[in-house]
Amino acid sequence: MEIRWPIAILIIGCAVVTLIPRVLPLMILSKLRIPEAMIRWLDHVPIAVMGALLAQELLLSDGRVDPGGHSLELIAAVPAFLTAFLTKSLFATVIVGILTLVGLRLFF
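Residues numbered from 1 in each chain as written. Predicted model: local features only at pLDDT ≥ 70, side-chain atom pairs only at ≥ 80, totals over all residues. Heavy atoms only, no water.

> Just checking my understanding: could you explain helix H1 (residues 5–31) for this structure?
Residues spaced three or four apart along an α-helix face the same direction, because each turn holds 3.6 residues. Between its first and last C-alpha atoms H1 spans 37 Å; for 27 residues at 1.5 Å apiece the expected length is 39 Å, and the two agree. If you look at H1, its biggest bend is around 40 degrees, right at Ile20, and the proline Pro21 turns up within four residues after that. (Helix = DSSP H or I, 4+ residues; strand = E, 2+ residues; numbered from the N terminus. Expected span 1.5 Å × (residues − 1). Bend = angle between axes of the 7 residues up to and from the residue.)

Here it is, written out as structure tokens:
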């Protein structure tokens, strides 16, 4: 089997570009002492990111606010949010959300 060097270099370059943003911050931050206030603040980042992703998915269509276009998704989000709040289980939340949306799409 012959190695095509331009493709091999491209694959290695893609691996390096993917690896740098993941490993470099970890290496740098592992050497630093992060203040307690910043650690408490960083605890809220995953919640804020998830909220932004959900709001974008539920409320926007093609980058614009679409008040009527996502009504089934918004309705299906209610039992999913309740499941997440009550069970704290990602698996149960996903299953309830999917089943609710499938049921709504079958009837509407």
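> Got a minute to help me understand the packing of aromatic side chains in this structure?
For any pair of aromatic rings, geometry is given as the distance between the ring centres together with the angle between the planes. This structure, assessed with the given rule, holds 0 aromatic pairs. Just above the ring of Phe85 sits the side chain of Lys88; from NZ or CZ to the centre is 4.7 Å. (Phe/Tyr/Trp six-rings, centres within 6.5 Å; stacked < 30°, edge-to-face > 60°. Lys NZ or Arg CZ within 6 Å of the ring centre and 35° of its normal.)

> Just checking my understanding: could you explain the pattern of salt bridges for this structure?
Once their charged atoms are close, side chains differing in charge can pair, the charge on each being opposite to the other. Scanning the model with the defined rule gives 1 salt bridge in all. Between Arg105 and Glu73 there is a salt bridge whose closest N-O contact spans 3.0 Å. On the criterion of sequence distance, the pair formed by Arg105 in helix H5 (residues 90–107) and Glu73 in helix H4 (residues 71–87) is long-range, its members being 32 residues apart. (Salt bridge = Lys/Arg side-chain N within 4 Å of Asp/Glu carboxyl O.)

Shape is all these values report; function is a separate question.
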